[in-house]
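# Per-entry structural report
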Amino acid sequence: MGIKAVVAGAAGGIGQPLSLLLKTSTLITELSLYDVVNTPGVAADLSHISSPAKVTGYLPKDDGAKAAFKNADLIVIPAGIPRKPGMTRDDLFKINAGIVKGLIEAIAEVAPKAYILIISNPVNSTVPIAAETLKAAGVFDAKRLFGVTTLDIVRAETFVAEIAGKASPQELTVPVIGGHSGETIVPLFSQVEPKVEIPEDKYDALVKRVQFGGDEVVAAKDGAGSATLSMAYAGYRFAEKVLKALNGETGIIEPSYVYLPGVPGGEEIAKETGVDFFSVPIQLGKYGVEKALNPLANITDKEKELLKVAIEGLKGNISKGVTFAQTPAQK
Ligand SMILES: NC(=O)c1ccc[n+]([C@@H]2O[C@H](COP(=O)([O-])OP(=O)(O)OC[C@H]3O[C@@H](n4cnc5c(N)ncnc54)[C@H](O)[C@@H]3O)[C@@H](O)[C@H]2O)c1
Ligand SMILES: O=C(O)C[C@H](O)C(=O)O
């Protein structure tokens, strides 16, 4: 089976290294790169790599977005502006909301069955925008729409391993649930596998570091953007799991920000949290999310407190996205 993958925003700080990683996958036979600039060059460069995927670059002219997306199996979207110091992810809404909506409208027309992976911030709002836009086009399948929160997990693994003195962070599974910004990010250190002891006096700082890891990078880049390389790694890690699921592998589990009422097992979590969009561990299959796993049953009192704050923040982010998508564009 051939798999067609697309990166929308492929010429950007995340888009280029993410496209490189996707080009190395032997599961992809066709890799389409879409951006408003520079994709012919990025595609020519990647096309010299000796892996199976045929690489093509598309620009907006000649209906390039639709040509790029046509009949795709997997579309990853890191299109949009990144933060500068002093900005929140919500400050990106004004510009990125419209970019995501436009891209999703094109996808709805020409690739309604694609797995859509949204990286563009604010993820807490851009995923609801995508869901509403797909609903309006009559092609929404919650089992195939994902907000990529993997960078929070990657960071949690790294920071927990540092504290727990583990040489190999990749041996740890650290569930991180909720959303993807500040206090909406909820690491569940009580459910780390294999179990680790977080010293009491280090717990709060560790939670904060996972929640605000993005700010560390924004500050260090000092006006030159936000995380790109670690995000490309995280984006590929999630995309690779989707590719394996598409290829028939079973038992693949990773957290992602999904529309809970639309995925098996999600309704109960939506009732418990009071929000429809939420990141939880999901099991992936050939046709999308097979089930959402409920991580809430055994959480600690401290994690319950974090969850409460996260849910309050998420409610506003979600309704802002839904309202934007449902409001007709001003002429
Ligand atoms: N989900 C996460 O964990 C996570 C992590 C890091 C960054 N991000 C977000 O990813 C986004 C991209 O970050 P970056 O550092 O790559 O930014 P960047 O500015 O380097 O790249 C963005 C790219 O998007 C392109 N673009 C703009 N409008 C477009 C459109 N309509 N169609 C197609 N492409 C378009 C730009 O030309 C540019 O090449 C930002 O919103 C950032 O906040 C998310
Ligand atoms: O911090 C950002 O704005 C980018 C990204 O969401 C991150 O977590 O690094």
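Residues numbered from 1 in each chain as written. Chains lettered and ligands numbered in written order. Predicted model: local features only at pLDDT ≥ 70, side-chain atom pairs only at ≥ 80, totals over all residues. Heavy atoms only, no water.

Moving on to the site of ligand 2. Residues in contact with ligand 2, as listed here, are R83, R89, N121, L151, R155, H180, G214, S226 and A227. One of the side-chain nitrogen or oxygen atoms of R83 is found 2.6 Å away from an oxygen atom of ligand 2. Residue H180 places a side-chain N or O atom 2.6 Å away from an oxygen atom belonging to ligand 2. Computed on the free molecule, ligand 2 has an accessible area of 270 Å², of which 95% lies beneath the protein chains in the complex. Here the shell around ligand 2 is built from residues that sort into 2 nonpolar, 4 polar and 3 charged. Here the shell around ligand 2 gathers at least three residues from each of two domains, domain 1 (4-147) and domain 2 (150-318). (Near = heavy atom within 4 Å. Polar contact = N/O pair within 3.5 Å; in protein donor to acceptor, adjacent residues only side chain to side chain. Areas by Shrake-Rupley, 256 points an atom, 1.4 Å probe, with all protein chains shown as cover. Nonpolar A, V, L, I, M, F, W, Y, C, P; charged D, E, K, R; others polar. Domains from an automatic or database assignment.)

This brings us to the site of ligand 1. Surrounding ligand 1, one finds 28 residues, the nearest of these being G13, I14, D35, I81 and N121. A distance of 2.8 Å separates an oxygen atom of ligand 1 from a polar backbone atom of G13. At 3 residues, helix α4 (residues 93-110) tops the list of elements feeding residues into the shell around ligand 1. For the shell around ligand 1, a count of residues per class yields 18 nonpolar, 9 polar and 1 charged. (Helix = DSSP H or I, 4+ residues; strand = E, 2+ residues; numbered from the N terminus.)

Here the UniProt-annotated "domain: Lactate/malate dehydrogenase N-terminal" (unreviewed entry) positions come out as residues 4-147. End C-alpha to end C-alpha, residues 4-147 measures 20 Å, and it is 38% helix and 18% strand. (UniProt positions renumbered as here; feature names shortened; annotations may be inferred.)

For any pair of aromatic rings, the description rests on two quantities: the centre-to-centre distance and the angle between the ring planes. Tallied over the full model, the rule gives 8 aromatic pairs. Ring geometry for Y257 and F277: centres 6.2 Å apart, planes at 35°, overall tilted. With Y257 in strand β9 (residues 252-259) and F277 in strand β10 (residues 277-285), the pair connects residues that are 20 residues apart, well separated along the chain. The exposure class of F277 is buried, given its relative accessible area of 2%. For the cation-ring pair, R209 lies above F159, with the distance from its terminal atom to the ring centre recorded as 3.8 Å. The positively charged end of K320 is found above the aromatic ring belonging to F93, 4.7 Å away from the centroid. (Phe/Tyr/Trp six-rings, centres within 6.5 Å; stacked < 30°, edge-to-face > 60°. Buried < 20%, exposed > 50% of the residue type's maximum accessible area, 1.4 Å probe, protein only. Lys NZ or Arg CZ within 6 Å of the ring centre and 35° of its normal.)

On to the nonpolar core. Formed by 110 residues in total, the largest nonpolar core has its most connected members in F69, L117 and F189. With 10 residues, the top contributor of residues to this core is helix α9 (residues 229-246). Residue contributions to this core reach at least three from each of two domains, namely domain 1 (4-147) and domain 2 (150-318). If we skip the residues at most four places from it in the chain, F189 touches V160, V174, I198, Y203, L206, V207, V210 and E303. (Core = buried A, V, L, I, M, F, W, Y, C linked by side-chain atoms within 4.5 Å. Contact = heavy atoms within 4.5 Å.)

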